[in-house]
Amino acid sequence: MSDTAGYQRLRLGDISGSAVGAGFLAVLVSYSGPLLIYLSAAEAMEISRPAFTSWVFAISIAAGLSSIVLSLWFRVPVAMAWSAPGTVLLIGFGPSLPAAEMAGAYIAVAAALVLIGISGLFDWLVKVLPPAVTNGMMAGILFGFGLKAAGGLTTDPVVVSVLIAAFAICTATVPRYAVLALLGLALMLTSVAYETSITSVSLSMAQPQAIAPEFSVAAMLSLAVPLLITTLSGQYLPGMAVLRANGYAVSANPIMIFGGLASAGAAVFGGISTALASITAAFCAGPDSHENPERRYIAGVACGLFFCLGGLFAGSIVDILIMLPSSVIALLAGLALLQPILKFTAAMMASEDAQAGLLTFIFTASGVSLFGIGAAFWGVVAGIVFHFLTRFGRWMMDRLAA
């Protein structure tokens, strides 16, 4: 399949239940896993329910529209989503940034994505940034948040213990749906323990709240730079790998351009960056979507439609999620990150430059802040400096030996 582009109307004969189901499942998993991480970030920042509802509206509509347009344009199942690793960044230093400066950082990342897409620098940037350093930063960001998962043992020991046991069983029996199954179980357990009921949730439309962006050096270095790196290495790189592994030769450049434009639109309403899905991309691009690869683009379109529907009724989605206690939300979000933490940590340690990656990991996970700039930035700086100093040292030793 080539990456020849050109908008085409959806062919009704291409629609299949399996493809539509794959798109629906991708959205369900996104709302049951990555969105819980986003909710944890909002709670850490003490964001109000209306403001968070606006965030959910923004990221859902941005992901939805970009999925629909790109899937139809390329006839490829392009599933877009928000930057899940990026949401973890907010937990560490989001409380220190005003919403306007966060929006400014999101717009800066959006502009960078558009420029990278236009220039075609994606592959070059991936090669220039040492993989050990980017993997170390990703592992450090996710690990620092994952530590919070066990905190609920002190407040809800029974519920947390049951959920951990259920997660262990689900990952062994239905690994693709483990997080989704866990969310359903968590809602049932908390409805009993706290006498809440999901039936009390009614349809509630989103009420978007526009934000006038502001730009600051602290926000650019603390949030924009790490967010750009995590979006490239944690979303676009694995997302493109999934597409190419399933035989789709589409270029990353137009996807980044459109993703950047969608991100800018979402930023105005407080939404974090939109990017190519990595975790849920396999649902839409794989053979379970449809046996014919040329008809799987329907899954990308369906994913987009369901995201748009979720965005319109973001109020109801938020009402369901906030029924869960904070301890359970932290647990579910932490468990959803186990596989990504394992993936990035293993890649970091398997690298020839593992020490640079480990140093990046330590700095990032420490949460240290200097000059008002967050740990993720300093972790990358420390890792890159260490990487090039060790290379210089080896070069000097080789020269002396010669």
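What counts, and where the lines are drawn
Residues numbered from 1 in each chain as written. Predicted model: local features only at pLDDT ≥ 70, side-chain atom pairs only at ≥ 80, totals over all residues. Heavy atoms only, no water. Helix = DSSP H or I, 4+ residues; strand = E, 2+ residues; numbered from the N terminus. Buried < 20%, exposed > 50% of the residue type's maximum accessible area, 1.4 Å probe, protein only. Areas by Shrake-Rupley, 256 points an atom, 1.4 Å probe, with all protein chains shown as cover. Expected span 1.5 Å × (residues − 1). Bend = angle between axes of the 7 residues up to and from the residue. Patch = residues over 30% accessible without salt bridge, like charges linked within 9 Å, V, L, I, M, F, W, Y side chains within 5 Å. Salt bridge = Lys/Arg side-chain N within 4 Å of Asp/Glu carboxyl O. Core = buried A, V, L, I, M, F, W, Y, C linked by side-chain atoms within 4.5 Å. Phe/Tyr/Trp six-rings, centres within 6.5 Å; stacked < 30°, edge-to-face > 60°. Contact = heavy atoms within 4.5 Å.

Draft legend 1. Local environment of the overall build of the chain. The helix and strand inventory of the chain stands at 18 helices and two strands. Counting every position in the chain, which comprises 402 residues, the buried fraction comes to 54%. Accessible surface for the chain amounts to roughly 16900 Å². Of this, 69% is attributable to carbon and sulfur atoms.

Draft legend 2. Region of interest: helix α10 (residues 217–245). Between its first and last C-alpha atoms α10 spans 39 Å; for 29 residues at 1.5 Å apiece the expected length is 42 Å, and the two agree. When the local axis directions of α10 are compared, the greatest deviation, roughly 30 degrees, occurs at Ala224, which is followed within four positions by the proline Pro226. With its phi angle positive at about 90 degrees, Gly247 sits one or two positions after the end of α10.

Draft legend 3. Spatial organisation of unusual backbone geometry. At Glu46, a position not held by glycine, the phi torsion is positive, near 60 degrees. A relative accessible area of 74% means that Glu46 is categorised as exposed. For Arg75, which is not glycine, the phi dihedral falls at a positive 55 degrees. Here Arg75 is to be found in the loop between α3 (49–74) and β1 (80–82). Of the residues examined, Arg75 reaches a relative accessible area of 11% and is grouped as buried.

Draft legend 4. Up close: a nonpolar patch on the surface. Taken together, the side chains of Met349, Leu358, Ile362, Phe363 and Val368 define a hydrophobic patch exposed on the protein surface, amounting to about 410 Å² of accessible area. The leading source of residues in the nonpolar patch is helix α17 (residues 354–366), at three residues. Examined against the element boundaries, Met349 turns out to sit in helix α16 (residues 338–350).

Draft legend 5. Local environment of the nonpolar core. Formed by 112 residues in total, the largest nonpolar core has its most connected members in Leu35 and Ile255. At eleven residues, the largest contribution of residues to this core is made by α3.

Draft legend 6. Summary view of the packing of aromatic side chains. Tallied over the entire structure, the rule returns eight aromatic pairs. An aromatic cluster of three or more residues is present, and its members are Tyr31, Trp82 and Phe307.

Draft legend 7. The environment of Ala275, seen in detail. One can find Ala275 in strand β2 (residues 274–276). The class for Ala275 is buried, based on a relative accessible area of 0%. Taking the C-alpha atoms as reference points, Ala275 and Ser83, 192 residues apart in sequence, are found 6.1 Å from one another. Apart from residues no more than four positions distant in its own chain, Ala275 is found in contact with Met80, Ala81, Thr231, Gln235 and Tyr236.

Draft legend 8. The arrangement of the side chain of Asn135 in detail. Position of Asn135 relative to the elements: it lies in helix α7 (residues 131–146). Of the residues examined, Asn135 reaches a relative accessible area of 15% and is grouped as buried. Here Asn135 is in contact with Phe344, Ala347 and Met348, once residues within four sequence places are set aside.

Draft legend 9. Just helix α2 (residues 34–44), in detail. When you tally the buried positions in α2, you get nine out of eleven residues, the bulk of the element. Downstream of α2 by one or two residues, Glu46 has phi in the positive range, about 60 degrees.

Draft legend 10. Region of the structure containing the environment of Ser222. Among the secondary structure elements, Ser222 is positioned in helix α10. Among the residues examined, Ser222 registers a relative accessible area of 2% and is labelled buried.

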